[in-house]
There are 2 protein chains.
Amino acid sequence: MVLKRKIYLEDKPRDIALKECLEHFEVNRVTEEVRVSEALGRITAQPIYANRSMPHYHASAMDGIAVRAEMTIDAHENNPVHLHEGTEFVYVDTGNAIPPEYDAVIMIEDINIVSEGVIEIIAPATPWQRIRPIGEDITYGEMLLPQGHELRPVDMGALLAAGMKAVPVIKQPLVHIIPSGNEIVPVEENIQPGKIIEFNGTIFSGLVTEWGGQPEIQPIVKDEPEAIKEALLKSSEAADVVIINAGSSAGSKDYTASVIEEIGEVFTHGIATRPGKPVIIGKVNGTMVIGVPGYPVSAFLVMDWFVKPMLAYFLGIPVKERQKLPVIAGRRIVSNMGSEDFIRVNIGKVNGKYIANPLTRSSSVTMSLVKADGIVVIPPEHLGVEQGNLIEAELFRPVEEIESTILFSGSHDLCIDVLSTFLKEENHSSKITASHTGSMAGLMAIKRGEAHIAGVHLLDPETGEYNISYVERFLKDREVVLVPFLKRKQGWIVAKNNPLNIQLVTDLKEKGVTFVNRQRGAGTRILFDYLLSKEGVLPEEIIGYDREMFTHLAVSAEVNMHQDHAGMGIYSAAKAMNLDFVPVAEESYDLIMEKDFYESDKGKKLIEVMKNKRFKRTVEEFGGYEVCTDKDPVFFNQK
Amino acid sequence: MVLKRKIYLEDKPRDIALKECLEHFEVNRVTEEVRVSEALGRITAQPIYANRSMPHYHASAMDGIAVRAEMTIDAHENNPVHLHEGTEFVYVDTGNAIPPEYDAVIMIEDINIVSEGVIEIIAPATPWQRIRPIGEDITYGEMLLPQGHELRPVDMGALLAAGMKAVPVIKQPLVHIIPSGNEIVPVEENIQPGKIIEFNGTIFSGLVTEWGGQPEIQPIVKDEPEAIKEALLKSSEAADVVIINAGSSAGSKDYTASVIEEIGEVFTHGIATRPGKPVIIGKVNGTMVIGVPGYPVSAFLVMDWFVKPMLAYFLGIPVKERQKLPVIAGRRIVSNMGSEDFIRVNIGKVNGKYIANPLTRSSSVTMSLVKADGIVVIPPEHLGVEQGNLIEAELFRPVEEIESTILFSGSHDLCIDVLSTFLKEENHSSKITASHTGSMAGLMAIKRGEAHIAGVHLLDPETGEYNISYVERFLKDREVVLVPFLKRKQGWIVAKNNPLNIQLVTDLKEKGVTFVNRQRGAGTRILFDYLLSKEGVLPEEIIGYDREMFTHLAVSAEVNMHQDHAGMGIYSAAKAMNLDFVPVAEESYDLIMEKDFYESDKGKKLIEVMKNKRFKRTVEEFGGYEVCTDKDPVFFNQK
């Protein structure tokens, strides 16, 4: 079985795969009439011509009186003309029909009442003044909207005004979404190791809705050729487009391509992109079938590359493009020759420039899509992008939102999320985007102008003091400010009731405990190394020392899985997973920021929220924290 | 009654009115749990923390075998290591759980099968390689989404992956929309002169939906203080925001402001804008009430200025801004000091520049919003914008759509709409935007670089020839191309069965017919003037000569209303309204374009569609047309 697999996929350029896909796509458009009031966002199936003029009568454009213009010719300040109600004028309000015997309107402001039923005017009226003629807005027979037009609220108004109750629109293309895989279980089920919740289907369903299609998630299909065949045959008869998720690669249970080949045709199996390579584009029963890879990032991109243009093509509308923004690569981005690389990035405006920092490249990390501000494409002929180079990003968020975002880098602390929440409450458009990179990486981000603020807790083993000496050493000559933020407890994170009774660093070695360590440059790791060296324990003597976790919560999650593991971290992380916490040290967790940012409106707002009493109370109620934002900031290298 | 009215409104700056409005707005946010699969576009009511890690077990990142890394240390090309299935390795597929006794995965591509159940490897595995550790994507307790976050498809996926079935979102603010006015009738009714279809409510309803609110259109209320009071009291108890449409000015039936004053408070009555001035912002029963003016353009803008930010404020999200684009004023735009002017514009890319041309300023013209590509704001301290000045437009359409639009100017012909329809069918993103300005204005638009193509039918009375001499005279030294398009019949548009038996231009004078004339510079008017002078009839002898209609259809509409009127126009316009047509002349309607455009891809595509057989057939089936796109184009002033 193993040896018979097709291991290699094609490397077809993405644009060629799309071109072929659209060429093979037989569009079966159906027109349906929907009530105008329910037509928001629908696409017109044909040009729409007005059924009625608007106004459909000569209407007064003002509150005033309708007159015959010829009777007013002689009116002048020195020669007021008197008119009699009913025979020589009538009162009209805005929108009233002009009686056929009149041909002009004089504004109410320009008349004087002389007596009951008699007025005077002191200026002549020109024929048709202040009258909205028939068809001023809409003329009967006029083309209101072209076909292939997405109906907006104003269009709906114009349709009603033009006498239409219903509008012919294109029936939304029906898109069947078939989740497949033995490991996939519905959302409702209790989940066992080795099982994965079916969530891609819901992402696809949302995307299809946004793109104007009608999604229908089908029951989960097992990794069995017969089951896949049956599902594809059934859906290909019902739907306009069929999406089958996972099984699109060349693994031992990837039957999709061979099944489509058996009952239809495969046009593409594999494209020259990373991620997103294992795509299948084929046809069954005359219906296009797209085999989408299982990893959520690959899946999202494949939907965007193929299903989005297919639905636009079906509906006869242009493909909606994302806003583009020139950005500066905050770090070097490497790329392989021969394939397009799609790099999710965070973008922030630092020192007036848009800086893009790559997020994880792993295509299994859904959260990288959630957190991304945009995506950068490295073309197949490029080996990557150097730090500082200008590149173009496609945005996932509006640029105003990106501009108002505070970029955080450095050590992870739950209080940063809380700070962001409070900031957002105060100012809806402001928030903190956090890269949890560890304290040292945070300092480096400030140095390179990649972040507005860095969270650090770096112990100087020589002095026992936190942060100050690191800023002096690593941010030489930079005008930065250290803003005191938290005192927090570091300690052992252990299973409930501390079954191994871990108290000292030597306990780890003596009891053969597996230690869950943090990455190099993390403040917690520096503290742990300090404790080891103080007790004369070598890293090699600690089981698990070499494996690195990137956040306090990841350490807790690991301990939570294994009774015989222990980690080092902050109290709140232990508490979040209902683990025990043995305090070891109290440390200073401070924020470092460029002086320019500190003095900016964004910076001032941030400091204000940090000093907010309700914020302090919320943080201290977590336990393990003391908020020390009352302390004075420390300025470095002032010019 | 007339004299007691309050005639003048405030001139409050718009930003101050909005600031006060938001200050008075008491937001009553309610949280509701909705199923994740139904949460697209909803706004999170609080920060969302993960209920579960993803993966929630150590998972294989590849198809391959799970091994103990320590057993592979010595593997080398010269020293293959053999492993036995079940005791020393197990096969794993992507996503499978790693059994606790193993700690690394080797890819299927890197193993050789030696015999049943025995494989060999030639390189060592490092611990944890090719394993997705618990929480790689999502860590239990991690903040997934902040509050005030609009849920996108990927967010829904992340929520499901993190173990959530439901998500706490802000209940959509309920917005009551009260249409008012004695002249307003529901869409279903047969409409009489003086009555207006209620369509603003549907526009508002669509906008409120797009902005995240829940609209509810209330029954139409008469212009009576008691009825308005009752409706406002009822809605103010039920809704989060109340919109009352029309009656917001200071006319004889504009009771809204005084009613709100009686039962609540009015904060603003009138803002310094054109259009949109007669706004009421007030409060009844603690609920904000917005009095929106009746004219659709004013109404749309007032909704955009006040209700959109109110809903964003309620939901705790940033106000979505429109894309902005620097554009060049194609014409001079005048503006009044002291009020912000909002000018609807068409925008096209001509000769590499974005040119904005103002549409009608009339706030009663719904179609000006439908047709607008964007809006330009002239600040209160400006007297206007000179032609050629750079200004900023807020876009109603994506810039790509604007780029692919062909700007038409000149004489109106129904075939231009048909041409646009065919062009759109061929290429979804391309279409023609038409300003119906008359033939001479079309030539001027080409001269000023405001349009890509102009439709002209200009008779030279000296030669009896069409168009050529006009291009020579008015587009001196410009490299332009005349593309022959149509021969079409001009004639008298008269009531069915031609009751006045109009045949000759002298009939108009002799029978005292009211003539429906076209505007100066229109080809049809030039033809009519030619006929008059040929017969020695003076314009003063023609009743109605001075009133100007801007399109053939408008002429037809006017004749359709009045049996004793007659107009001059094309056959298709008469036919559209089932009127009679008496042919008078055959004329040439041609397209003039800059040579650069003629030779561009857009230009070539257009010419291709004009020569398309199905297009020709469609046009000729209207009657009165002969398509002559087979004739050779005429080049002027070639360099």
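Residues numbered from 1 in each chain as written. Chains lettered and ligands numbered in written order. Predicted model: local features only at pLDDT ≥ 70, side-chain atom pairs only at ≥ 80, totals over all residues. Heavy atoms only, no water.

A separate point is unusual backbone geometry. Residue and element names in this part refer to chain A. Here the residue pair Met54 and Pro55 is connected by a cis peptide bond, since its omega of -10 degrees sits within 30 degrees of zero. On the secondary structure map, Pro55 appears in the loop between β2 (48-49) and β3 (59-60). A cis amide bond links Arg274 with the next residue in sequence, Pro275, at an omega value of -10 degrees. Checked against the element boundaries, Pro275 lands in the loop between β19 (273-274) and β20 (280-284). (Helix = DSSP H or I, 4+ residues; strand = E, 2+ residues; numbered from the N terminus.)

Time to look at the domain arrangement of chain A. With domains assigned, chain A is organised as domain 1 (14-27 + 173-315), domain 2 (31-54 + 136-170), domain 3 (59-132), domain 4 (341-435) and domain 5 (457-636). One C-alpha centre belongs to domain 2 of chain A, the other to domain 4 of chain A; they are set 41 Å apart. (Domains from an automatic or database assignment.)

Moving on, we get to the packing of helix α3 (residues 200-210) of chain A against helix α2 (residues 153-161) of chain B. For the pair α3(A) and α2(B), interaxial distance at closest approach is 8 Å and the crossing angle is 165 degrees. Between α3(A) and α2(B), the angle falls in the class roughly antiparallel. Note on packing geometry: the crossing formed by α3(A) with α2(B) is right-handed. Counting all contacts with α3(A), which are made through Thr202(A), Ile203(A), Gly206(A), Leu207(A) and Glu210(A), the residues of α2(B) involved are Pro153(B), Val154(B), Met156(B), Gly157(B) and Leu160(B). (Axes fitted to C-alpha atoms, helices over the stretch in contact; angles between N-to-C directions. Parallel < 35°, antiparallel > 145°, perpendicular 65-115°, else oblique. Left-handed = near helix turned anticlockwise from the far one by under 90°. Contact = heavy atoms within 4.5 Å.)

All right, on to the relation of the copies chain B and chain A then. Overlaying chain B on chain A yields an RMSD of 0.1 Å, the required transformation being a rotation through 180 degrees with an accompanying axial translation of 0.0 Å. The superposition operator between the copies reduces to a two-fold rotation axis. The rotation axis passes nearest to the C-alpha of Gln323(B) in chain B, at a distance of 4.5 Å. Most of the interface of chain B is mirrored in chain A, where 100% of its interface residues are also at the interface. (Least-squares fit on C-alpha atoms with pLDDT ≥ 70 in both.)

Attention shifts here to the confidence of the model for chain A. All names here are of chain A. On average, residues of chain A score 92 in pLDDT, and 98% of them reach the 70 mark or higher. Contacts for the low-pLDDT stretch residues 1-5, under 50 throughout, to residues beyond four places or in other chains number twelve contacts. We note a pTM of 0.91 for the whole complex and an ipTM of 0.91 for its interfaces. (pLDDT = per-residue confidence, 0-100.)

Let's shift gears to the interface of chain B and chain A. Taken together, the 109 residues of chain B in the interface contact 109 residues of chain A. Between chain B and chain A, a total of about 9200 Å² is buried, with carbon and sulfur atoms accounting for 63% of that surface. The largest per-residue losses of area from chain B upon contact with chain A belong to Val154(B), Met367(B) and His428(B), which jointly make up 6% of the total buried on that side. For Lys371(A), the salt bridge goes to Glu142(B), with nearest N and O atoms at 3.4 Å. A total of eight residues in the side of chain B that touches chain A trace back to one element, the largest contributor, which is α2(B). Along the lines of polarity and charge, the residues of the side of chain B that touches chain A split into 52 nonpolar, 28 polar and 29 charged. (Buried area = accessible area lost by both parts, 1.4 Å probe. Salt bridge = Lys/Arg side-chain N within 4 Å of Asp/Glu carboxyl O. Nonpolar A, V, L, I, M, F, W, Y, C, P; charged D, E, K, R; others polar.)

We now examine the packing of aromatic side chains. In this description, a pair of aromatic rings is defined by centroid distance and the angle of the planes. In this structure the tally under the stated criterion is 32 aromatic pairs over all chains. Summarising the aromatic geometry, the rings of Phe422(B) and Phe615(B) are spaced 5.4 Å apart at their centres and angled 75 degrees between planes, so their arrangement reads as edge-to-face. Placement of Phe422(B) in helix α9 (residues 414-426) and of Phe615(B) in helix α18 (residues 613-622) is noted, with a sequence separation of 193 residues between them. There is no split in this pair, since Phe422(B) and Phe615(B) are both buried. Between Phe485(B) and Tyr589(B), the aromatic rings sit 6.2 Å apart at their centres with planes inclined by 50 degrees, giving tilted as the arrangement. With a gap of 104 residues between them, Phe485(B) in strand β32 (residues 480-494) and Tyr589(B) in strand β36 (residues 580-594) connect regions that are remote in the sequence. Neither Phe485(B) nor Tyr589(B) differs from the other in exposure class; each is buried. Of the aromatic side chains, those joined through ring pairs into one cluster are Phe422(A), Phe485(A), Tyr589(A) and Phe615(A). Here Arg473(B) stacks its cationic end above the ring of Tyr470(B), 5.3 Å away from the centre of that ring. (Phe/Tyr/Trp six-rings, centres within 6.5 Å; stacked < 30°, edge-to-face > 60°. Buried < 20%, exposed > 50% of the residue type's maximum accessible area, 1.4 Å probe, protein only. Lys NZ or Arg CZ within 6 Å of the ring centre and 35° of its normal.)

The next thing to look at is the pairing of strand β13 (residues 174-179) of chain A. Residues and elements named next belong to chain A. Buried residues dominate β13, accounting for six of its six residues. Burial along β13 is two-sided: the residues Leu174, His176 and Ile178 and Val175, Ile177 and Pro179 are all buried. In this structure, β13 lies alongside strand β16 (residues 214-217), joined through four bridges in parallel fashion. Bridge pairing links His176 to Glu216 in β16. Both β13 and strand β17 (residues 241-245) contribute to a ladder of five bridges, which runs parallel. Pairing of Ile177 across the sheet is with Ile243, part of β17. (Pairing = 2+ DSSP bridges.)

What follows covers the packing of helix α1 (residues 14-24) of chain A against helix α6 (residues 296-315) of chain A. Residues and elements named next belong to chain A. At a minimum axis distance of 10 Å, the contact between α1 and α6 shows a crossing angle of 35 degrees. By crossing handedness, the relation of α1 to α6 is classed as right-handed. For the pair formed by α1 and α6, the contact residues are Arg14, Ala17, Leu18, Cys21 and Leu22 on the first element and Trp305, Phe306, Pro309, Met310 and Tyr313 on the second. For the contact of α1 with α6, the residue count by class is nine nonpolar, no polar and one charged.

Turning our attention to helix α10 (residues 439-447) of chain B. Residue and element names in this part refer to chain B. Buried within α10 are the following residues: Ser439, Met440, Gly442, Leu443, Ala445 and Ile446. Next to the buried residues of α10 lie β29 (405-410), β31 (453-456), α11 (468-474), β32, α13 (523-535) and β36. Of the residues one or two after α10, Gly449 is the one with positive phi, at around 70 degrees.

Let us now look at the pattern of salt bridges. A side chain of one charge can pair with a side chain of the opposite charge when the charged atoms of the two come close. Residues and elements named next belong to chain A. All chains considered together, the criterion is met by 78 salt bridges over all chains. A salt bridge links Arg152 to Asp155; the nearest nitrogen and oxygen atoms lie 3.0 Å apart. The two residues Arg152 and Asp155 agree in class, both being buried. The partner of Lys324 in a salt bridge is Glu321, and the shortest N-O contact between them spans 3.1 Å. In this structure Glu321 comes out as partly exposed when scored by relative accessible area, which is 48%. Linked through salt bridges whose partners overlap, the residues forming this network are Asp304, Lys308, Arg322 and Glu394.

Turning our eyes to something else, we now look at the sheet that holds strand β8 (residues 112-115) of chain A. All names here are of chain A. One open sheet holds the three strands; their spatial order is β5-β9-β8, and the pairing between them is antiparallel. What marks the edges here is a single partner per strand, and that holds for β5 (81-84) and β8. Neighbouring strand axes in the sheet, compared pairwise and without regard to direction, differ in orientation by 35 degrees on average.

Next up on the list: the sheet that holds strand β18 (residues 264-269) of chain A. Residue and element names in this part refer to chain A. The six strands lie next to each other as β16-β13-β17-β21-β20-β18, forming an open sheet whose pairing is mixed. Of all the strands in the sheet, the pair left with one neighbour each is β16 and β18. Across the sheet, the axes of successive neighbouring strands diverge by a mean angle of 20 degrees, strand direction being ignored. Helix-sheet contacts for helix α4 (residues 225-238) involve β13, β17, β20 and β21 (287-292), and the interaxial angle to β13 is about 170 degrees. Seen against the sheet, helix α5 (residues 256-263) touches β17, β18, β20 and β21 and runs at an angle of roughly 140 degrees to β18.

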